[in-house]
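Residue strings, one per chain:
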Amino acid sequence: MALLRTTELTKRFDGLVANNAIDLEVPEGSLFAVIGPNGAGKTTFFSMVSGFLSSTSGSIEFNGRDITRVPQHEIAAMGLVRTFQLVQLFKGMSVAENVEVGCHLATRGGVAASLFRPAWFRKQEREVRERAHELLEFVGLSAQADLDAELLPYGQQRLLEVARAMAAKPKLLLLDEPAAGLNTQETEGLAHIIQKINAQGTTVLLIEHDVALVTRIAHRIAVLDFGRKIAEGTPDEIKAHPEVIAAYLGVEEASNA
Amino acid sequence: MTSPAITSAKPAKFASRFDRFQVGLLGLAALAVAGTLVYGGYLLTVMQLAMIYGVFCIGLNFFMGYTGQASFGQNAFACIGGYGSAILCVQYGWEPILALVASMAIAGVFALIIGYPTLRLRGHYLAMATFSLGLITYDITIQWTAVTQGYMGYAGIPPLGIGSFTIDSERWKLVALALLLGFGFWLSLRMRDSRFGRGLRAISGSENGAAALGVRVPRFKLIAFIIAALYASAAGSLFAHTVGFISPEVYGPQMAVMTFTMLFVGGVGTIVGPIIGAVVTSLLQEVVRGSGHFQDIAYAVVLLATLIYAPKGLSALGALFRRKKEA
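Asker: How would you summarise the overall build of chain B if you had to cite specific residues and measurements?
Answerer: Helix and strand counts for chain B come out as 14 helices and 2 strands. Taking 20 Å as the expected radius of gyration for a compact globule of 327 residues, we find that chain B reaches 20 Å, a close match to that expectation. Projected onto the principal axes, the alpha-carbon positions of chain B cover approximately 70 × 50 × 40 Å. Sequence separation of 24 or more characterises 77% of the internal contacts of chain B that already satisfy a separation of 6 or more.

Asker: Can you tell me about the pairing of strand β3 (residues 31-35) of chain A, naming the residues and giving the values?
Answerer: The two faces of a sheet get side chains in turn, since along a regular strand they alternate between them. All names here are of chain A. Most of β3 is tucked away: 5 of the 5 residues are buried. Covered by surrounding structure in β3 are Leu 31, Ala 33 and Ile 35 together with Phe 32 and Val 34, the residues of both alternating faces. Pairing of β3 with strand β8 (residues 203-208) involves 5 bridges; the strand directions are parallel. What sits directly across from Ala 33, in β8, is Leu 206. When β3 meets strand β9 (residues 220-225), the two strands line up parallel, connected through 4 bridges.

Asker: Report on the nonpolar core, specifying residues and quantitative values.
Answerer: Ala 163 of chain A together with Ala 235 of chain B are the most contacted members of the largest nonpolar core, which has 158 residues in total. The leading source of residues in this core is helix α10 (residues 217-243) of chain B, at 16 residues.

Asker: Residue-level account of the sheet that holds strand β2 (residues 16-27) of chain A, with values.
Answerer: Residues and elements named next belong to chain A. Spatial ordering of the open sheet is given by β2-β1-β4-β5, a layout of 4 strands whose pairing is antiparallel. In this open sheet, the two strands that pair with only one neighbour each are β2 and β5 (65-66). Pairing between strand β1 (residues 2-13) and β2: 8 bridges, direction antiparallel. In the strand pairing of β2, Arg 12 is matched with Val 17.

Asker: Tell me what's going on with the interface of chain A and chain B, and back it up with residues and numbers.
Answerer: Taken together, the 37 residues of chain A in the interface contact 32 residues of chain B. Those elements that provide at least two residues to the side of chain A that touches chain B are α2 (72-77), β6 (80-82), α3 (95-102) and α4 (111-116) of chain A. When residues of the side of chain A that touches chain B are assigned to their parent elements, the largest contribution, 5 residues, is made by α3 of chain A.

Asker: I'd love a proper account of unusual backbone geometry, names of residues and values included.
Answerer: All names here are of chain A. Its identity as a non-glycine residue notwithstanding, Glu 8 has a phi of 50 degrees, on the positive side. Here Glu 8 lies in strand β1. On the basis of neighbour count, Glu 8 is assigned to the partly exposed category, with 13 C-beta atoms found within 10 Å. Positive phi, close to 45 degrees, is recorded for Arg 117, a residue that is not glycine. Here Arg 117 is to be found in the loop between α4 and α5 (119-139).

Asker: Quick one: what's the story with the packing of helix α7 (residues 170-192) of chain B against α10 of chain B, residue by residue and with numbers?
Answerer: Residue and element names in this part refer to chain B. Between α7 and α10, the least distance of the axes is 12 Å, while the angle of their chain directions is 175 degrees. In this view, α7 runs roughly antiparallel relative to α10, as classed from their interaxial angle. Where α7 abuts α10, its residues Lys 173, Leu 177, Leu 180 and Gly 184 lie against Tyr 231, Leu 238 and Thr 242. Considering only residue class, the contact of α7 with α10 consists of 4 nonpolar, 2 polar and 1 charged.

Asker: If you had to explain the confidence of the model for chain B to someone new, which residues and values would you point to?
Answerer: Detailed reading of the predicted model is not advised wherever pLDDT is low. Residues and elements named next belong to chain B. Chain-level statistics for chain B give a pLDDT mean of 86 and a share of 92% at 70 or above. Across chain B, α10 holds the top mean pLDDT of 96, while helix α14 (residues 317-326) sits lowest at 62. This model gives residues 1-15 a pLDDT under 50, and the stretch forms 21 contacts once residues within four places in sequence are excluded. The complex model carries a pTM of 0.88, and its ipTM stands at 0.86.

Conventions adopted
- Residues numbered from 1 in each chain as written.
- Chains lettered and ligands numbered in written order.
- Predicted model: local features only at pLDDT ≥ 70, side-chain atom pairs only at ≥ 80, totals over all residues.
- Helix = DSSP H or I, 4+ residues; strand = E, 2+ residues; numbered from the N terminus.
- Rg over C-alpha atoms; globule rule 2.2 N^0.38 Å.
- Contact = placed C-beta atoms within 7 Å.
- Buried ≥ 20, exposed ≤ 12 C-beta atoms within 10 Å, placed from the backbone.
- Pairing = 2+ DSSP bridges.
- Core = buried A, V, L, I, M, F, W, Y, C linked by C-beta atoms within 7 Å.
- Axes fitted to C-alpha atoms, helices over the stretch in contact; angles between N-to-C directions.
- Parallel < 35°, antiparallel > 145°, perpendicular 65-115°, else oblique.
- Nonpolar A, V, L, I, M, F, W, Y, C, P; charged D, E, K, R; others polar.
- pLDDT = per-residue confidence, 0-100.

In structure tokens form, the structure reads like this:
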């Protein structure tokens with residue numbers, strides 16, 4: 001069953017067609033990747049799916065429900081959680097607190113609950129702290145839990161963002177170029193964590209620039225170029241696809257192929 | 001010390017939490033209050049006002065500090081509180097406590113109505129809109145003489161108390177205000193260290209990030225605005241009941257500037273910043289008053305020095321010591 005399905009999803013910025021009628025089906029439980037050269041429209045696609053940007057036309061369906069016009073916080077509440085290409089950490093909060101904010105959707109209670117602190121609320125706060133601790137352990141940041149999040153090195157900030165997103169218990173995790181700016185070793189660690197997340201039952205949709213990483217870990221890959229989907233298939237199929245080679249290596253090689 | 005500081009397995013302890021340095025500052029503030037009680041005299045009035053401004057700043061800190069939004073117009077809500085208390089007590093003979101609570105409710109409703117459209121603005125635009133809110137309120141208090149008595153203001157506002165028991169002595173007024181400030185502070189702590197408070201602080205860290213995790217950003221901003229208004233209104237009422245006289249200037253734009261200064265001196269977004277800023281700034285004004293002509297200049301110099309050398313305010317200076325120790 002498709003957890004996420006986009007139909008003819010299109011986004012125009014004035015004259016520029018950033019996404020042109022993109023059809024995509026992300027099966028439940030899969031580790032799906034969208035790749036493409038710079039400016040291919042990957043992030044635009046992502047932003048529309050997560051409700052960050054409204055689409056010009058076409059539709060998005062998540063978990064059997066049409067979410068094309070649903071506001072972002074509701075989409076997140078349904079279990080579709082994204083990370084950002086430029087890390088969006090909560091400055092002025094500790095590493096652990098960042099993950100605790102991630103538990104927002106999975107918890108309840110507002111001002112009144114915080115003032116009166118009924119038993120269920122205290123229990124929930126304890127669970128939030130435990131969950132944050134577990135997730136930090138999961139991504140290997142438990143030693144830095146009390147540190148100001150801003151002080152983390154870049155690679156660890158990326159891991160923190162993933163841990164934070166996982167705290168929301170997503171059905172579908174959208175990762176926007178999580179390996180951007182990471183060195184080989186860090187990328188390796190991240191790939192391992194993404195695979196673990198997927199193996200534990202979370203569907204992952206990954207946007208990535210790093211083709212080597214994607215072809216190694218993804219089950220299925222879609223390729224965007226100039227706002228269009230030019231190919232979709234298994235990593236092996238994609239590697240052999242003439243249009244993909246053309247998009248990445250230039251047109252002349254493709255005409256020879 | 002050679003062991004790296006980050007390996008501690010104890011629960012969170014870092015700059016934005018309630019560290020020992022901040023507890024120490026609170027202790028100093030309490031000492032200042034105690035000293036004033038012993039010393040008496042004019043200093044009593046100074047510290048009374050410091051406590052009142054402290055209440056105001058705790059609320060302001062929710063909106064400006066934790067949520068990271070600019071407001072230069074919270075004095076409007078202090079104005080509602082002050083005039084609410086004055087009118088209800090003087091014209092209608094209400095109990096001061098009831099008048100205070102009723103005025104808070106009115107201020108809260110106004111904050112809801114004003115905040116809903118205004119908080120769509122961001123950054124400078126929000127700052128301008130809130131500033132004009134303060135100015136408009138100031139003008140209303142001057143012009144709407146039928147209700148506010150214009151420049152004449154209200155005199156004879158009764159002091160706080162319950163039933164026949166009223167707090168008349170200046171010393172006891174200070175004690176009561178300090179206790180109320182403590183209560184307001186305690187409430188703010190509870191709100192801060194919760195799901196709600198984390199949501200607010202996430203917004204100031206990254207609005208996009210918070211929204212992506214399901215925090216309803218507009219609603220949270222509005223609630224923070226209302227909380228700030230409730231504290232401001234309480235402070236406005238307390239002023240009226242403490243001093244016994246109010247006029248438009250009390251709640252004018254100068255109040256916005258003053259509380260803004262206090263919050264930044266104490267440390268915007270820190271836990272004890274609002275209280276420390278209110279006490280330090282109030283005392284500072286009295287200290288520089290002695291320097292005669294150079295009073296304003298001395299005041300400005302001290303403030304500039306704070307902003308340049310302690311941009312996160314006095315409450316964040318603890319982190320400085322910590323870093324030195326770890327190095």
